[in-house]
Amino acid sequence: MNAYLRSKKLWLLAAVVLSAVLSRFSGSINGYYLQVLIFIAINIILAVSLNLINGYTGQFSLGHAGFMAIGAYVSAYLSKDKSAGVLHALGGGEFAIVVVFVGVLIAGGLAAALAGLLVGVPSLRLRGDYLAIVTLGFGEIIRVVIQNTDAVNGASGYSGVPSYTTLFWAYALAALTIYIVVSLIDSTYGRGFLTVRDDEVAAEAMGIDTTRRKVVAFVTGSFFAGLAGGLFAHETTYINPAGFDFQKSIEIVVMVILGGMGNTAGVAFAAVLLTTLGEYLRFVAKYEWLPDWLRRIADNRTIIYALVLIALMLLRPQGLFGGIRAFGGGPARQLPKKA
Amino acid sequence: MEANGQSALLDLQRCTVRFGGLTAVSELDMRIGAHDLVGLIGPNGAGKTTVFNIVTGVYKPTTGSITFAGERIAGLRPHRIAHKGIARTFQNIRLFASLSVFDNVRAAFNLRCKHTFVHALLRLPAFYKEEREIDAQVMELLDIFDLGRFRDVPCKSLSYGDQRRLEIVRALATRPKLLLLDEPAAGMNPIEKEGLTKLIRFIKDKFDIAVLLVEHDMKLVMGVCERIYVLDHGTKIAEGDPEAITRNPKVIEAYLGEEPAEAETDA
Ligand SMILES: Nc1ncnc2c1ncn2[C@@H]1O[C@H](COP(=O)(O)OP(=O)(O)OP(=O)(O)O)[C@@H](O)[C@H]1O
Ligand SMILES: [Mg+2]
């Protein structure tokens, strides 16, 4: 068992090395496909981190895009406007870029985590669905604030962000996110998050500070949303507030539900699936031989997500991969016969 | 055997709980010594579970004080009280439904485990060592209660009686000084009830703790408790050893109100 547990670090190492190797060949990949591959990794980070909040800890956050926005804007602002000095001091080479990029990504993540703390502490002390309402409002507020911030060019969007994101960084950080969530949950401490989801009263009676647990999950999730935002900004090199709207938050929630709440592998897979589907539908919307109404549906993600959710609730309410052991879907062992 | 005399482990003084206009518990005095096995009985709605809820911090008493091991605990949050050494089971079983039998008990080790967030991520040798120790302790507890063979089974697929026992094991895993059992026999068959009587005595001796038992099954309460408190409409109407309680006219009257004397209500 020990050797098996220990291998988690090996898996992480293997994933990082693989990302590095693949990244070497990224030059030969068509630019558009490369970007889709990077979006997939970013969405994996978003979905897996939201799953810590909504899946494992049983809270309901609807504001993940808001935290992503904070990470995107903070990191973009720092790397575009504030990092010239550092780049110069470090000689401006590839090493200097890595230092700056990692630095601004972490700064973006920390800013998002701080926002998560400010939003989470007051709303997570209350039982019930306050978090959903508060995070919903928070996402909108963040957008309005950015729209009115001149330093990042307000509603017209912030362009000229350095293009630092590579296949390597995207997948190495996706692997790191998965590693962190999986390692956390696979510990006595981590099981505490699941008890909060299952029964808060019983968890408290067992000595678990449920409020604190919820805040820890929420702040950790927010940090990774910020990190994903940073990767996104340095991939597209142009960000605008509308890109981090409520629809983006819903998209991440749908990934979590589709993959099966509290099932990291399933959720990561759902992120791959939904990102690919979204890109494919872009083409479908351009097929002129299709009836007009169908093309309009294909072009409207809100409708697509709603359809996906309805189909899921009817066919597999536990999520696509819920209950499948290979995907970490909980204990499926049978009851032994009574002795 | 009497808790009177020196300082009691748990000491309730003039505790009153009101829900709006309803007085669920009224001016209750109650003392439990460190090695007592005390019963708390009374007809439905008498306020027994409410007493558990104020002792464990689910509710704060409207007035009155609660002292545990010399510290005032009234109004502390439940997890803080659990840390002080009070564990409980619930009238309606509250297991962690998505967790296995093993993990239900393991979760209770959060109270004492040294590793936290960072250690779970770094996974250094000390982390594995502690996890192995916890693993061994959980299995030891499960084996004592003959639940070891269900280790990886989802807790919800256990029989009703086994679920109740698992809840007791989970409470014991916090290493309490005082264990509160809320109707542990409810829904058990006669054979399981027989086993429960032995189990409660066994727990008291093996773990050397105080037990407060709420139970409707009179045979069980009379057979196992050294001292009994009787509540009716939130007021204590009697207190004494089983012998005295069965003969107390006030108690007989309170129970006559609902069913034949020595009623065996299955709530
Ligand atoms: N949270 C609450 N809000 C309002 N009234 C409550 C609350 N909890 C308990 N009560 C009321 O307080 C009274 C005592 O309830 P309690 O659950 O303590 O009784 P009990 O002795 O445990 O009964 P039973 O044998 O049925 O379990 C009842 O009238 C109940 O309706
Ligand atoms: Mg009750």
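Since we're looking at a predicted model, the values are computed, not measured.

### Looking at the overall build of chain A
When you go through chain A residue by residue, the secondary structure sums to 14 helices and two strands. Relative to a compact globule of 339 residues, whose C-alpha radius of gyration would be 20 Å, chain A shows 20 Å and is just as compact. Counting over 339 residues, chain A shows a buried share of 52%. For chain A, the accessible area works out to roughly 15300 Å², and carbon and sulfur atoms hold 67% of it.

### Let's talk about the coordination of the magnesium ion (ligand 2)
Residues and elements named next belong to chain B. Listed as protein donors to the magnesium ion (ligand 2) are Thr49 (OG1) and Gln91 (OE1); their distances from the metal cover 1.9 to 2.1 Å. Of this pair, Thr49 sits in helix H1 (residues 48–55) while Gln91 sits in the loop between strand E6 (86–88) and helix H3 (101–107), and the two are 42 residues apart along the sequence. Thr49 sits in the partly exposed class, given a relative accessible area of 24%.

### Describing the confidence of the model for chain A
In the predicted model, chain A carries a mean pLDDT of 89, and 93% of its residues have values of at least 70. Between residues 325–339 of chain A, whose pLDDT stays under 50, and residues either more than four places distant or in other chains, the model counts 27 contacts.

### Notes on the domain arrangement of chain B
Residues and elements named next belong to chain B. Domain boundaries in chain B define domain 1 (1–85 + 178–267) and domain 2 (97–175). Centre-to-centre separation of domain 1 and domain 2, based on C-alpha positions: 27 Å. Listed as interface residues are 18 residues of domain 1 and, on the opposing side, twelve residues of domain 2. Taking both partners together, domain 1 and domain 2 bury about 1200 Å²; carbon and sulfur atoms supply 79% of that area. Taken together, the links from domain 1 to domain 2 amount to one residue pair in polar contact (both at pLDDT 80 or more). Only helix H2 (78–84), strand E7 (178–182) and helix H7 (190–207) provide two or more residues apiece to the side of domain 1 that touches domain 2. Residue contributions to the side of domain 1 that touches domain 2 peak at seven residues, all from H7. In the side of domain 1 that touches domain 2, the residues fall into twelve nonpolar, two polar and four charged.

### Description of the sheet that holds strand E4 (residues 63–68) of chain B
Residue and element names in this part refer to chain B. Read across the sheet, four strands follow the order E2-E1-E4-E5 without closing on themselves; strand pairing throughout is antiparallel. Single-partner strands in this sheet number two, and they are strand E2 (22–32) and strand E5 (71–72). The pairing of strand E1 (residues 10–19) with E2 spans seven bridges and is antiparallel. Within the sheet, the bridge partner assigned to Asp11 lies in E2 and is Arg31. H1 rests against E1, E2 and E4 of the sheet, and its axis sits at about 115 degrees to E1.

Reading the values: the criteria
Residues numbered from 1 in each chain as written. Chains lettered and ligands numbered in written order. Predicted model: local features only at pLDDT ≥ 70, side-chain atom pairs only at ≥ 80, totals over all residues. Heavy atoms only, no water. Helix = DSSP H or I, 4+ residues; strand = E, 2+ residues; numbered from the N terminus. Rg over C-alpha atoms; globule rule 2.2 N^0.38 Å. Buried < 20%, exposed > 50% of the residue type's maximum accessible area, 1.4 Å probe, protein only. Areas by Shrake-Rupley, 256 points an atom, 1.4 Å probe, with all protein chains shown as cover. Donors = N, O, S within 2.8 Å, 3.2 Å for Na, K, Ca; no water. pLDDT = per-residue confidence, 0-100. Contact = heavy atoms within 4.5 Å. Domains from an automatic or database assignment. Buried area = accessible area lost by both parts, 1.4 Å probe. Polar contact = N/O pair within 3.5 Å; in protein donor to acceptor, adjacent residues only side chain to side chain. Nonpolar A, V, L, I, M, F, W, Y, C, P; charged D, E, K, R; others polar. Pairing = 2+ DSSP bridges. Axes fitted to C-alpha atoms, helices over the stretch in contact; angles between N-to-C directions.

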